[in-house]
Amino acid sequence: MIGLISATAAGSAGCRRVASAWPGRTRVYEGPVGDAVRRAFAECEQLVCFLATGAVVRLVAPLLSDKASDPGIVCVDEGGRFAVSLVGGHGGGANELAREVGELLGAEPVVTTATDSVGVPGLDTLGLPVEGDVAGVSRAMLDGEPVALNAELTWPLPPLRVAAAGAYSIRVSDRAVEPSEREVVLRPPSLVVGVGASKGAPVDEVLGLVQDALRDAGLSVKSVAELATVDAKAEEPGILGAAERLGVPVVTYGAEELAAVDVPNPSDAPLAAVGTPSVAEAAALLRGGELLVPKRKSAASPAMATCAVVRRPGRGRLAVVGLGPGARDLLTPRAKDELRRASVLVGLDQYVDQIRDLLLPGTRILESGLGAEEERARTAVAEARLGQAVALIGSGDAGVYAMASPALAEASDDIDVVGVPGVTAALAAGAILGAPLGHDHVSISLSDLHTPWEVIERRVRAAAEADLVVTFYNPRSRGRDWQLPKALTILAQHRKPTTPVGVVRNASRPDESSRVTTLAGLDPVTVDMMTVVTVGNTATREIAGRMVTPRGYRWQEEPK
């Protein structure tokens, strides 16, 4: 919950704006400011104070105890010009909150945390448990000193300023090792613990068994990702309680699934009880990995719990990111986050140039020119299969005439794939033209490089007969100058010569141009590959210079 505090009319207006935008996330604290701050500090994970920073410093100073538990605090000035991350930039999420509040209020976020200020990922913000000299290693990265990365297992991480060797180091390990001097250990969630339990097995017996198995194998409990078991034990209190104390979820599988897993230590007892010869080993191994701890029983007599431990390899991550039509303000916040998260970026050279300034230092860039789409898709998938965090970029929406389809055709279920939507060229052009897509519409690419013209022509004819608004992508190039005239001829068989047609070139870019003409008046020579052509249907009209397609196919009779 985010507590909102103010003391003036202007501050109260800001509070209301934030509360209205985030009704499920916020709570407004009223009354004397000191009392409001103290109550919010005790009850909320974050605070937004519409107060002077000096006043907030004096109010919260006696309340601060530890950066790992203190709430994140953001201050917004009286004029609503700045959102200052004051306390808990990383641990309390104040840096990100300042950015969110700034975007909502039109204020400039002020972040003074050193790593955030210079674009270096904070080691305590990577989403992994971290141990060791976080401050010292972070300072070394900021100062440009060589920091070695010792990855005992591959895990998708954002770009880090690392070298082959150095006085400081970052170790990625799930082993129970103590950080050495000038070292940070990152704990990836690589361990899956399969658990079996008799009915009524005590929480302490299950938890003790898991902890003993990890300790004896030299493994860190902080790298446990989940407890896995059979569906029949989904509500077993001992398993649920152990998972709660470890802070991990319980994942369950059907007995038939588990029975199909080849395990080294099957048993008749679980077969008779729950329908599978193995619970602990099979549940841990079901999604693949290396069996580090074979099935072992708890020390109690009779033993009421079993467990096994498997190390799963780090799954690479492929984010397919749509950059929008070109304008920076049409690049979504989610796309920006994915660009900063990726350690490897794959894309067309001209698209890479658009967002190069957003990439964190150390991002490995694999760029290529026009015509290499399938090669880029294969490269991105291959890098993800190596365990990397990869962003594959495309213009508009990556799933619309862009990189998502060739990439997903290459990908299998051995990597995680995330789609990040973007503003398409059709939508950008439609907004410039007015509201041409107000009713049913279709997008058709006139490029026959991958699709036979006979198929394209059949689709154009179907759209014409169905009276759909049509947006043409890739309408005309030097080597393809007859397809657009042919498509317009087909549409003209079903629409009047006066049908509005919108032509937008370089939508949202500095050299953007647009015009509204008619089906009879459009000269195809004026169109190129940077142009989107939108042809209205029989109901589309030009009103005050804008294309408008009504939501219904009936126009109100104009007053005489």
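Before reading on, note that the structure itself is shown above.
The rules behind the values
Residues numbered from 1 in each chain as written. Predicted model: local features only at pLDDT ≥ 70, side-chain atom pairs only at ≥ 80, totals over all residues. Heavy atoms only, no water. Helix = DSSP H or I, 4+ residues; strand = E, 2+ residues; numbered from the N terminus. Contact = heavy atoms within 4.5 Å. Pairing = 2+ DSSP bridges. Axes fitted to C-alpha atoms, helices over the stretch in contact; angles between N-to-C directions. Salt bridge = Lys/Arg side-chain N within 4 Å of Asp/Glu carboxyl O. Buried < 20%, exposed > 50% of the residue type's maximum accessible area, 1.4 Å probe, protein only.

Participant: Explain the environment of R16 to me, and be specific about the residues and the numbers.
Facilitator: With respect to the helices, strands and loops of the structure, R16 is situated in helix α1 (residues 9-21). For R16 and V28, which are 12 residues apart along the polypeptide, the C-alpha to C-alpha distance reads 8.3 Å.

Participant: If you had to explain the side chain of R171 to someone new, which residues and values would you point to?
Facilitator: Counting through the fold element by element, R171 comes out in strand β9 (residues 168-172). Sequence-distant contacts of R171, defined by excluding residues within four places in its chain, comprise N150, E152, V177, E183, V184, V185 and L186.

Participant: Outline the sheet that holds strand β8 (residues 147-151), listing residues and values.
Facilitator: The 4 strands are arranged β7-β10-β9-β8 in an open sheet whose pairing can be described as mixed. Taken across any chain shown, the strands that pair with only one partner, and hence form the sheet edges, are β7 (130-132) and β8. Across the sheet, the axes of successive neighbouring strands diverge by a mean angle of 20 degrees, strand direction being ignored. Here β8 runs beside β9; their pairing, made up of 5 bridges, is parallel. Note on β9: the bridge partner recorded for A151 is V172. Here helix α6 (residues 134-142) sits on the sheet in contact with β7, β8, β9 and β10 (183-186), set at roughly 115 degrees to β9.

Participant: Describe the sheet that holds strand β12 (residues 224-230), with residues and values.
Facilitator: Across the sheet, which stays open at both edges, the 5 strands sit in the order β13-β12-β11-β15-β14 with mixed pairing between neighbours. What marks the edges here is a single partner per strand, and that holds for β13 (250-253) and β14 (290-297). Across the sheet, the mean angle from the axis of one strand to that of its neighbour is 25 degrees, orientation sign disregarded. Across 4 bridges, β12 lies against β13 in parallel orientation. Paired with V230 across the strands is Y253, a residue of β13. Lying on the sheet, helix α8 (residues 237-246) is in contact with β11 (191-197), β12 and β13; it crosses β12 at an angle near 175 degrees.

Participant: I'd like a description of the environment of G434, backed by residues and values.
Facilitator: Note on placement: G434 falls in strand β21 (residues 434-435). A C-alpha to C-alpha distance of 9.0 Å links G434 and T549, two positions 115 residues apart in sequence. Each residue touching G434, except ones within four places of it in the same chain, is listed here: R546 and M547.

Participant: Help me get a handle on the pattern of salt bridges, residues and values and all.
Facilitator: Scanning all chains against the criterion turns up 28 salt bridges. Among the salt bridges present, the one from R81 reaches D77, with a minimum N-O distance of 3.3 Å. We note a salt bridge from R312 to E226, for which the minimum N-O separation is 3.4 Å. Of this pair, R312 sits in the loop between β15 (305-311) and β16 (317-322) while E226 sits in strand β12, and the two are 86 residues apart along the sequence. Given a relative accessible area of 18%, R312 falls into the buried group. Judged by relative accessible area, which is 12%, E226 ranks as buried. Here the salt bridges share partners, and the residues they tie into one network are E152, R171, R175 and E183.

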